[in-house]
Amino acid sequence: MLQRSRGLWRKALCCLLAAATMGYGWVSSVRAGTTTVTLMPGSVRATVNGQAKTMLVPPFVDGSSQQTLVPIGFVGRQFGYTVSVLEHNSGLRLTRGQETIVVSVGNPEASLGGATLLLAVPPRGLLGEVLIAVPDVQALLHVQVARSGNGALTFSETVSDRVVDGVVDADAVTYETRREQVYMQTVDFDIVRIDLTGKGIRVVSCQSIGGVGTARYPSAFVDSLKPLAMMNATPFNLQTLIMSGSVQDQGIPVYYSGTYVSTIGITPANVPFYAEGTAHAVVRLDSGKDVAVSRVNQSPAEPGSQSLSLFTNYYNGGFSVGANELLVVVAGKQILSVMSGRYFTPRTLAAGQVALYARHPGTVTLMRAAAGAEVRSFVGDRDCTGCTFLQCGPVVIRSGKPFMDYARYKDISRTSKLGSRAFLGMDDSGHLYFIVTPAKVRLQFGDVSVALARLGLFTNVVTLDGGTSTTLYYKGQYIIKGTRALTNVLCVPSS
């Protein structure tokens, strides 16, 4: 029974976590089923779920980029978007639920949920329609695309609507409020305890599907994921100033490059852990050789670098792979495809796949000779391969004791700012904790650390983002609802 209410009750719907089990995004729950849209370059005829429709402007192949451009307005409408024309007929705005997409004629950047997405080709305008490249359609509308032998393009979106089968022990997720003194004020801490040993209980980090630099509002995640519990997960990282969401989700690196992390994570066996050190990844080839990874979901490494660049479908850009360079797509330990001399868009990767990009001749030779490759991740000396872990800091409690050495953090002024706060905690008994306080508190002077340590619940606690991002949702109710769009959330799926 909840002890107090800070939001509207919402009826708990029974839906399966859709397209987020690999931790890369949420799927709109506008409707269940699959929508398919098939277009042919040069033809105004389209097929939508087997029915013929006519477009105002046909798709065509752009001569300079060799990309196929398609009418984003027409395609968006088929997937449930409302399309409106911008002032002076300069572009289009597409909305669906809380999603808003803005594309402008000639502008190489589109707006996706208020964030900027770099497009492969600047949009073209014709007869009130806007045409954009196929990879950009895929990235903006979150749809899959397939090409047939005759050149036809089929865009598809599948939304699941499945019923919980009762295998999750909802009683393993509980809520309480604890009150403590923080400096001169009395502060309530809202605490959700998750027993990771409970039947069917797991914690996943779900990214905004738009990729790096995009975000969704809390209600969009809740509507789609139907979680037992959820909190904001964008790290409050002062050491590196990278506010990119999770570093690694269920074994797939999301974003880091030589980043020092103070992190709480979860092993593949569903056991929470705490680790400190520099996060890095290597690719272990079937020959036994290790190749370092220097970039993860960032712009590719320089041609002279012997290290690899790693990309997942969370990366929202694209790049050309040179004729003497190499890109391989890997799932697990298996190399699925090899390419050179082509333009590559990581958004085309399926969940769980990664792309490894080699530019140095020696590294290219090594990768060409490999039949298999495995991405291995480390925090300091700890092997975190297969784990989910967050890029966090500052530490609040370490080994059960208050941590107050905030002078080590680069942006010390942020710890002294007043604001609501969110924390991730753990103990040594298989419990993970979502912790928030709506009170405006400071971190710098250690008052919060002392207060949380006095509760005697936690072995380790790290800080996540706060202020208007602070969100905690529990079994149908917002305990506190942030007003800011979130890069990613931690959630306990209800099925």
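The notes below deal with the structure included here. (Residues numbered from 1 in each chain as written. Predicted model: local features only at pLDDT ≥ 70, side-chain atom pairs only at ≥ 80, totals over all residues. Heavy atoms only, no water.)

**Concerning the pairing of strand 3 (residues 51-54)**
Judged from the four bridges that link them, strand 2 (residues 45-48) and strand 3 form a sheet pairing that is antiparallel. The residue of strand 3 that forms the bridge with A46 is K53. Hairpin connection of strand 2 to strand 3: two residues between the antiparallel strands, including N49 at a positive phi of 50 degrees. (Pairing = 2+ DSSP bridges. Helix = DSSP H or I, 4+ residues; strand = E, 2+ residues; numbered from the N terminus.)

**Let's talk about the nonpolar core**
One broad rule of soluble globular proteins: the nonpolar side chains tend to lie buried together. Among the nonpolar cores identified, the biggest contains 33 residues, and I194 and F434 are the most heavily contacted of them. Contacts of I194, omitting those with residues within four sequence positions, involve A172, V173, I201, V203, G430, H431, L432, F434 and V492. (Core = buried A, V, L, I, M, F, W, Y, C linked by side-chain atoms within 4.5 Å. Buried < 20%, exposed > 50% of the residue type's maximum accessible area, 1.4 Å probe, protein only. Contact = heavy atoms within 4.5 Å.)

**What about the sheet that holds strand 18 (residues 227-232)?**
Strand order across the open sheet formed by five strands is 17-40-18-38-39, with antiparallel pairing between neighbours. Looking at strand neighbours, the two that pair on one side only are strand 17 (204-207) and strand 39 (477-480), the edges of this open sheet. Recorded for the sheet is a direction-independent mean angle of 25 degrees between the axes of neighbouring strands. Those strands touched by helix 3 (residues 218-225) are strand 17, strand 18, strand 38 (472-474), strand 39 and strand 40 (488-493), and its axis lies near 155 degrees from that of strand 18. (Axes fitted to C-alpha atoms, helices over the stretch in contact; angles between N-to-C directions.)

**Structural notes on the environment of Y260**
Among the secondary structure elements, Y260 is positioned in strand 21 (residues 259-266). Between the C-alpha atoms of Y260 and G277, which are 17 residues apart in sequence, the distance is 5.3 Å.

**As for helix 3**
With seven of eight residues buried, helix 3 lies mostly within the body of the structure. Looking at the buried residues of helix 3, the elements they touch are strand 17, strand 18, strand 38, strand 39 and strand 40. In the segment just after helix 3, K226 is the residue with positive phi, at about 50 degrees.

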